[in-house]
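# Summary of the model geometry
Here is what each chain is made of, one letter per residue.
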Amino acid sequence: MDEKIAPHIDELTMALGNISREEISRELDKLLKYRVPLDEAKRMIKAKYLSVSSNTVSVKDLSPGLNGIEISGRIIDIVEKTVSIQGEQKTIFSGTLGDGTGICSFTCWDDMSLKPGDAIRIKNAYTRLWNNRPELYFGKRSTITYLQDNELPESEEMSHSNLKKLGNIVPADVLVSSVVLIVEMYHREIMLKGEKVTVVEGVLADETGKLPFTSWVPLGGPDIGDYIRFEGASVRIFRGLPSINFTDATSIEKISDTSELPFTMESVSRASSSVAIENLLEKEGMFDVTVSGNIISIRSGSGLIERCPQCNRVTQKSSCRSHGEVECLTDMRIKAILDDGTGAVHLILNRELSEAVYGKSMHDAEKMAQSSLSGDTVFEDMKKVLTGKYIAARGNSSRNEFGVSLVARSVWVPENDVEKHIEDLLERIGTGCDE
Amino acid sequence: MAGYTREVARRIFAQEFRESNLSFKDGDDQYAPQYLLTPTGAKVNRIFIVGTLIEKEDIGTDSEYWRGRVTDPTGSFLIYAGQYQPEAAQVLAECETPAFVAVVGKPSTYTTNEGDVLTSVRPESLHIVDGQTRDMWVIETAKCTLDRIKELDGSSPNAQRAKEYYDPDAKHYSSMVSQALKSLKETY
């Protein structure tokens, strides 16, 4: 048996380069013992190690669900914790790691005697979503090498709050500073640990984008239309979308001389032009973006639906998964795939927007459903009316396990001057030929 | 979560689609997605067409098997829908020709005994649309095609591979686009 598989082990060792022969042989043996066909086993081993051997990521590019990545960074802090996993006590190590592009928190499953300040390279780590941020995980299956101390910035430098444009803020930023314009602002009372607190919420903008903000302390002077410089605001992540939080530790200063700034109230409130969907797919989430494309599919779950009156969840056969049998409220929505040739997103439309693009009110839809025997009448009709349609939508996008979704705040049929488009494109071809 | 992204529906004119014959899989897994690479470097797993359905015929022997021909300004696409494409087959069975239709589907290739590769579309969905949607499709497809022609000189792997395999004549395809746009212009 061993002689038979030896050439295959050689072949794999050659193909994988930096993985030891013993390790490959052990893996292959194990798979063959479990009666995995040889070809399938070889393919699996290749896939497993190839992903390990080449995939260097920097902290700012971490996203949840990466496997077999390699990352370098300095341990900013690390603490030992005892957790119980399936009833068993286990010691794990968690802390934060930075590399000059950002900071992330990590969990190390095993004692690898790491200390704050260590500059290391971790091979074969992975990431998962934890506290709404990508968290780095590694353990004894990972390889750790120590780097020269001067290869990475000092800890203090990395945890310093960076001056950034809103469009460039990513989950790897924990503290940020920026110069922005307040475009929306309102006060809201919330219950915090049984106490009523007034927080300020709103939207900030600069020439690269917009982001929501929350201030946990009174803002004092600044109001809508004011330009401010803030320092040391903390970044929270919700559904991949950063939000800026002003706390006691944040300093905010109103700017009076705005002549040098590359944005104005007018420029940021103009309806932003459409971005290519492929750009949305690259990000965890985007705030207030516009896309346009064709509806190429209407997904199930569209049409008339029923919701639980208490928690607003969609119910199945009048039964809510947390409140049981309930008197349901009828609602209408559309879940569509919008595709512009560069990428595809799930577009989610509420009742109001659904009525607008579908061209029938929920009332009409209910009548239609009542006069037919099939429960899918409205869904089928939506497919017929909407598939292929060219529309534009504006809202927030976020990534989830099914891809990227855009929850629309507004939706419309773009005004399309076909003749002008033709002229523009013909001109483009014309200039192309002259070259 | 990083794993799944839906395959994009590419916009391709009929002429370019007909001139494509390089199909391949990404990876050697038996479930790896199948792609068709076109001469301007579009890597197509899903295609979106809006055109005029001018012919339809049930060519099935015992069960229904519909063949439709959908034209755009540059040529025509063949659409095959059988029992595994029930929605599309039903629309084909019920509709009148000619009609504007929007088709979302997968490209498929067939090699004849003579070695010629024929391309066709296996529709996931097929719906009747209006003339404006069709006109916008021509515009969008023109735009996408011009973008790809421009990219042919770039370093993207698809462009490189298309150049190597087809050695495409950029002029040939930009005049196809301009022909499509001009024919659209006549109707305005």
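Just so it is clear, the model here is predicted, and its values are computed rather than measured.

### Concerning the overall build of chain A
In terms of regular secondary structure, chain A is built from 10 helices and 21 strands. With respect to the three principal axes, the spread of C-alpha positions in chain A is 70 × 70 × 60 Å. Within the span of chain A, comprising 435 residues, buried residues form 46% of the whole. Summarising the internal contacts of chain A: among those between residues at least 6 apart in sequence, 58% fall at separations of at least 24. Accessible area of chain A: about 23,400 Å², with a carbon and sulfur share of 49%. The averaged location of the 66 negative side-chain charges in chain A is 6 Å from the averaged location of its 51 positive side-chain charges.

### Points about the overall build of chain B
A tally of regular secondary structure across chain B gives five helices and nine strands. Traced from its N-terminal end to its C-terminal end, chain B shows the element sequence β-α-β-β-β-β-β-β-α-β-β-α-α-α. Relative to the globule expectation of 16 Å for 188 residues, the C-alpha radius of gyration of chain B, 17 Å, shows essentially globular dimensions. Taken along the three principal axes of its C-alpha coordinates, chain B extends 50 × 45 × 45 Å. By residue count, 51% of the 188 residues in chain B fall in the buried class.

### With respect to the domain arrangement of chain A
Residues and elements named next belong to chain A. Looking at chain A, the domain boundaries give domain 1 (5-51), domain 2 (69-156), domain 3 (175-265) and domain 4 (277-419). Spacing between the C-alpha centres of domain 3 and domain 4 amounts to 31 Å. In this complex, domain 3 contributes seven residues to the contact, which on the side of domain 4 involves nine residues. Of the roughly 610 Å² buried between domain 3 and domain 4, counting both surfaces, carbon and sulfur atoms make up 63%. Among the residues domain 3 hides against domain 4, the three largest losses belong to Lys210, Arg239 and Leu241. Together they make up 65% of the total. Across the domain 3-domain 4 interface, the total number found is one salt bridge.

### Points about unusual backbone geometry
With an omega dihedral of -5°, the bond running from Thr97 of chain B to Pro98 of chain B counts as a cis peptide bond. Within the chain, Asp288 of chain A stands out as a residue other than glycine whose phi angle is a positive 55°. Its place among the elements puts Asp288 of chain A in strand E14 (residues 285-298).

### Here we look at the interface of chain A and chain B
At the interface, 36 residues of chain A touch 37 residues of chain B. The tally of links from chain A across to chain B stands at four salt bridges. Across the salt bridge formed by Asp339 of chain A and Arg11 of chain B, the nearest N and O atoms sit 2.7 Å from each other. The tally of links from chain A across to chain B stands at eight residue pairs in polar contact (both at pLDDT 80 or more). Mapped onto the side of chain A that touches chain B, the elements with two or more residues apiece are E14, strand E18 (329-339), helix H9 (377-386), strand E20 (390-400) and helix H10 (418-434) of chain A. Ranked by the residues each element gives to the side of chain A that touches chain B, the list is headed by H10 of chain A, at nine residues. Looking at the side of chain A that touches chain B, its residues break down into 13 nonpolar, 12 polar and 11 charged.

### A closer look at the pattern of salt bridges
Following the criterion strictly, the structure yields 37 salt bridges over all chains and no others. A salt bridge links Lys164 of chain A to Asp173 of chain A, with the shortest nitrogen-to-oxygen separation between them at 3.1 Å. Across the pair Asp135 of chain B and Arg134 of chain B runs a salt bridge, and its minimum N-O distance is 3.3 Å. For the pair Asp135 of chain B and Arg134 of chain B, a shared accessibility class is recorded, and that class is buried. Members of the salt-bridge network, linked through shared partners, are Lys210, Asp288, Arg394 and Arg409 of chain A.

### What to know about the environment of Ile78 of chain A
Residue and element names in this part refer to chain A. With respect to the helices and strands, Ile78 occurs in strand E1 (residues 69-85). In sequence terms Ile78 and Thr96 are 18 residues apart; their C-alpha atoms lie 6.6 Å from each other. Here Ile78 is in contact with Phe93, Ser94, Gly95, Phe106, Leu114, Lys115 and Pro116, once residues within four sequence places are set aside.

### Focus: the pairing of strand E2 (residues 22-25) of chain B
Residue and element names in this part refer to chain B. Of the two faces of E2, the one holding Leu22 and Phe24 is buried and the one holding Ser23 and Lys25 is not buried anywhere. Where E2 lies against strand E3 (residues 34-37), four bridges are found, and the strand directions are antiparallel. Bridge pairing in E3 places Ser23 opposite Leu36.

### What about the pairing of E3 of chain B?
Residues and elements named next belong to chain B. In this structure, E3 lies alongside strand E4 (residues 43-44), joined through two bridges in antiparallel fashion. The residue bridging Leu37 from the neighbouring strand is Lys43, located in E4. Hairpin connection of E3 to E4: five residues between the antiparallel strands, including Gly41 at a positive phi of 90°.

### Re the sheet that holds E4 of chain B
Hydrogen bonds between backbone atoms are what pair the strands of a sheet, whose relative direction is either parallel or antiparallel. As summarised here, the arrangement of the three strands in space is E2-E3-E4 (chain B), forming an open sheet in which the pairing is antiparallel. Edge positions in the open sheet fall to E2 and E4 of chain B, since each of these has one partner strand only.

### Details of the environment of Gly359 of chain A
Along the polypeptide, Gly359 of chain A turns up in the loop between helix H7 (351-358) and helix H8 (362-370). For the pair formed by Gly359 of chain A and Ser20 of chain A, sequence separation is 339 residues and the distance between their alpha carbons is 64 Å.

### A word on the confidence of the model for chain A
Averaged over all residues, the pLDDT of chain A is 87; the fraction at 70 or higher stands at 96%. Across chain A, strand E19 (residues 344-349) of chain A holds the top mean pLDDT of 96, while helix H4 (residues 155-159) of chain A sits lowest at 74.

Conventions and cut-offs
Residues numbered from 1 in each chain as written. Chains lettered and ligands numbered in written order. Predicted model: local features only at pLDDT ≥ 70, side-chain atom pairs only at ≥ 80, totals over all residues. Heavy atoms only, no water. Helix = DSSP H or I, 4+ residues; strand = E, 2+ residues; numbered from the N terminus. Buried < 20%, exposed > 50% of the residue type's maximum accessible area, 1.4 Å probe, protein only. Contact = heavy atoms within 4.5 Å. Areas by Shrake-Rupley, 256 points an atom, 1.4 Å probe, with all protein chains shown as cover. Lys, Arg positive; Asp, Glu negative; His and termini not counted. Charge placed at Lys NZ, Arg CZ, Asp CG, Glu CD. Rg over C-alpha atoms; globule rule 2.2 N^0.38 Å. Domains from an automatic or database assignment. Buried area = accessible area lost by both parts, 1.4 Å probe. Salt bridge = Lys/Arg side-chain N within 4 Å of Asp/Glu carboxyl O. Polar contact = N/O pair within 3.5 Å; in protein donor to acceptor, adjacent residues only side chain to side chain. Nonpolar A, V, L, I, M, F, W, Y, C, P; charged D, E, K, R; others polar. Pairing = 2+ DSSP bridges. pLDDT = per-residue confidence, 0-100.

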